[in-house]
Amino acid sequence: VEDTCSAPCPATTADVEVVTGVIGSYNLSAGVSSLPCADASSDLEGDILFSCSFAGVVTSDASGCRYLGCRTATEISLDETSTGMLQPPSRGATSGQSWSVPCSDVNNAFNGTLVATCSVGVVSANVSDCNKTIAGPTKQITVLRSALRLGIVGAALAAGAAETIGAAMQAPEVQAAFKQSIADGVGTSSER
């Protein structure tokens, strides 16, 4: 018949497999009922529980031991020159856990989605789907319209109040402003 009653543990040494393949040797003081899993390996967190039967048999429960999770922001590189801070999930991530994050949450100059993984307290990220955001054509059209408007107004004033806008569009200054706006908008030189 097994003794199901327990008592405080006497001073002793217990070797315990804390997680698969990690064995810790614990020096128990009299009456100790738990010790940090990190005493067996600095890669672990949680507590191992000890109990003793009245017959003096020490038993342990290492189910509270786990590899370090990820709970703090980590700086990651998105390309050769851009970095950002990657936040773990709101309650942290356990070792081995992966999660997806919009690249723009890490650095607003990027779009796409990255996949982050926590491994023994260290975050790594697959950023292969993160791409730098390119300014949209709306901004280029606005610049083009502004430059044309200035060129047309300038040409119309130079041509006199009686000239039509159509005639002003033929003015060399307007055509030069239009050509330069197009070149600036697409990133090429107008000197061709």
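Structure report, in brief. Just so it is clear, the model here is predicted, and its values are computed rather than measured. (Residues numbered from 1 in each chain as written. Predicted model: local features only at pLDDT ≥ 70, side-chain atom pairs only at ≥ 80, totals over all residues. Heavy atoms only, no water.)

### Describing the overall build of the protein chain
Scanning the protein chain from terminus to terminus reveals 4 helices and 15 strands. Here the protein chain, with 192 residues, has 29% of them falling under the buried criterion. A separation threshold of at least 6 residues defines the contact pool for the protein chain, and within that pool the share at least 24 residues apart is 34%. Counting only carbon and sulfur atoms, one obtains 54% of the accessible surface of the protein chain, whose full area is about 12,100 Å². (Helix = DSSP H or I, 4+ residues; strand = E, 2+ residues; numbered from the N terminus. Buried < 20%, exposed > 50% of the residue type's maximum accessible area, 1.4 Å probe, protein only. Contact = heavy atoms within 4.5 Å. Areas by Shrake-Rupley, 256 points an atom, 1.4 Å probe, with all protein chains shown as cover.)

### A short note on the side chain of Glu 45
Residue position: Glu 45 is located in strand β5 (residues 44–45). In this structure Glu 45 comes out as buried when scored by relative accessible area, which is 16%. Looking at Glu 45, its side chain comes within polar contact range of the side chain of Arg 71, at 3.2 Å. Beyond its immediate chain neighbours, meaning those up to four positions away, Glu 45 contacts Cys 37, Gly 64, Cys 65, Arg 66, Tyr 67, Leu 68, Gly 69 and Arg 71. (Polar contact = N/O pair within 3.5 Å; in protein donor to acceptor, adjacent residues only side chain to side chain.)

### Description of the sheet that holds strand β13 (residues 113–119)
Spatially, 3 strands are ordered β11-β13-β14 in an open sheet, and the strand pairing comes out antiparallel. If you trace the sheet from one side to the other, it starts and ends with β11 (98–102) and β14 (122–126), each paired once. With direction set aside, neighbouring strand axes in the sheet form an average angle of 30°. Across 5 bridges, the pairing between β11 and β13 is antiparallel. In the sheet register, Ser 98 faces β13, and the bridge partner there is Thr 117. (Pairing = 2+ DSSP bridges. Axes fitted to C-alpha atoms, helices over the stretch in contact; angles between N-to-C directions.)

### Regarding unusual backbone geometry
The phi dihedral of Val 120 falls on the positive side, at around 50°, and the residue is not glycine. Mapped onto the elements, Val 120 comes out in the loop between β13 and β14.

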